[in-house]
Amino acid sequence: MKREKEIELLKRCAGLLAENSREMADEEGGSRPDIYLSQDRFEKEMKSFERFPLMVAHSSQLPENGSYLALDWLGGFPLLLTRDMDGEVHAFANACQHRGSPLAQNGCGQARRLMCPYHAWTYDMAGQLKSVPHKSGFPSLDPTKVKLSELHASEFGGFIWVQKSGDTKLDVGEHLAGLGDDLKWINAADHVLFAEESRIWNSNWKFIVEGGLESYHFKIAHRDTIAPLFNDTLSVFDEFGPHFRSVLTKTSLKQLQEIDEENWQIRETANVLYSFYPSASLLLQPDHFAVIDAIPLSPSQTHISVRTFVPKGSMETEKSRAHWQANFDFTRDTLLEDFELAVQIQKGLQSGATKQFRFGRFENALTRFHQINEQMISKE
Ligand code: FES
Ligand SMILES: [Fe+2]
């Protein structure tokens, strides 16, 4: 983010605080229950998300040549990420070309070769088949022509992006529509994974995204965690293509007028939340950031991971590790409040209790998120 933009955003927020007003859309918005329940709708969304690069991991999750990472991705698709012996990142379907066994169990590891646990076909880290036991049983097989099924993978701004389908690999920087500069600004590439926690939640993925797009709920839903630190319903957002940057202001905003403008720091005065379409978020805090990735598995199931990334070389002392751990715990505990609510909402929805959702004029990021999602999934 350019310095002028940082100052401009802070002035915009300070102006709202001074006038005790909020940025409002002309009209209220809303969404329909069926978009969180329907299998057809879910499949349409997954088909659409395949067409462009999605943030799936931070570069530090594949730290060395030979690192790999396996996970259940969109709709449960088994995804395997590797860093080959030349340092290049690849994304594959985690399925052996013999009879489909996953090559790696979900999680991360380090290897020079990946050997299938079923009959020991073996692949190098660039996905090339290297050896086949009892090869004489496959006279038509030329191993040099067999590779794992590969998806488009890119490393950009400190993250790994995967595009599942399409003949052309899209440019991640272009897809980010300007937010790539912010990834540079926060030096995302110079951070490493400190801690993570993940599990499957019984909620549609969109409820998880919605939790990051408004600050109306802070005072109530987060009364036991972050509420005392933030201003009530005082946030602003901007759009970048299908993505959002929200500035969620803290109570320290009111002290800004006592500080020389040249010393204003947005990271001290607000949390900046980047919502990368469709469902990965980066929460920027004063000295580190967290990534919340919500992977849609089914209309009512989402695999959510919370990861804290800290500057390289900042985990050396016990004191610093305790500092990061306290930050990770606090962020996770806050987010658990959101995820629990999302599960309860989904439960109500499935019982038919809820007929419509209303978005207030100051919750316009929700309205825009749903409008953008509709546009994206209706594109051919
Ligand atoms: S399925 Fe992998 S070697 Fe048979
Ligand atoms: Fe929340």
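Residues numbered from 1 in each chain as written. Chains lettered and ligands numbered in written order. Predicted model: local features only at pLDDT ≥ 70, side-chain atom pairs only at ≥ 80, totals over all residues. Heavy atoms only, no water.

(A) Helix α9 (residues 364-378), seen in detail. Taking 1.5 Å per residue as the helical rise, α9 with its 15 residues ought to reach 21 Å, and the 21 Å between its terminal C-alpha atoms agrees with that figure. Taken residue by residue, α9 has N364, A365, L366, T367, F369, H370, I372, N373, M376 and I377 as its buried positions. Structurally, α9 contributes buried residues whose contacts are with β1 (29-31), α2 (39-49), α5 (205-210), β13 (230-240), β14 (243-250) and β19 (357-359). (Helix = DSSP H or I, 4+ residues; strand = E, 2+ residues; numbered from the N terminus. Expected span 1.5 Å × (residues − 1). Buried < 20%, exposed > 50% of the residue type's maximum accessible area, 1.4 Å probe, protein only. Contact = heavy atoms within 4.5 Å.)

(B) A look at the domain arrangement of the protein chain. What the domain assignment lists for the protein chain is domain 1 (3-51 + 190-378) and domain 2 (54-169). Its C-alpha centre places domain 1 at a distance of 32 Å from the equivalent point of domain 2. With 21 residues of domain 1 in contact, the opposing surface of domain 2 contributes 17 residues. The junction of domain 1 with domain 2 conceals about 1500 Å² of combined surface from both sides, 66% of it contributed by carbon and sulfur atoms. For the domain 1 face of the interface with domain 2, the top three residues by lost area are E50, I295 and L297, together amounting to 32%. Between K164 and E50 there is a salt bridge, and its shortest N-O distance comes to 3.2 Å. If you look at where domain 1 meets domain 2, you find four residue pairs in polar contact (both at pLDDT 80 or more). Within the residue set of the side of domain 1 that touches domain 2, elements represented by two or more residues are α2, β12 (191-201), β16 (280-284), β17 (289-298) and β18 (301-311). No other element matches the six residues that β17 contributes to the side of domain 1 that touches domain 2. Class assignment of the residues belonging to the side of domain 1 that touches domain 2 gives a composition of 16 nonpolar, one polar and four charged. (Domains from an automatic or database assignment. Buried area = accessible area lost by both parts, 1.4 Å probe. Salt bridge = Lys/Arg side-chain N within 4 Å of Asp/Glu carboxyl O. Polar contact = N/O pair within 3.5 Å; in protein donor to acceptor, adjacent residues only side chain to side chain. Nonpolar A, V, L, I, M, F, W, Y, C, P; charged D, E, K, R; others polar.)

(C) A look at the pairing of β13. Pairing between β13 and β14: seven bridges, direction antiparallel. The residue bridging F230 from the neighbouring strand is K250, located in β14. Between β13 and β14, which pair antiparallel one after the other, the connecting turn spans two residues, and G241 there sits at a positive phi close to 55°. (Pairing = 2+ DSSP bridges.)

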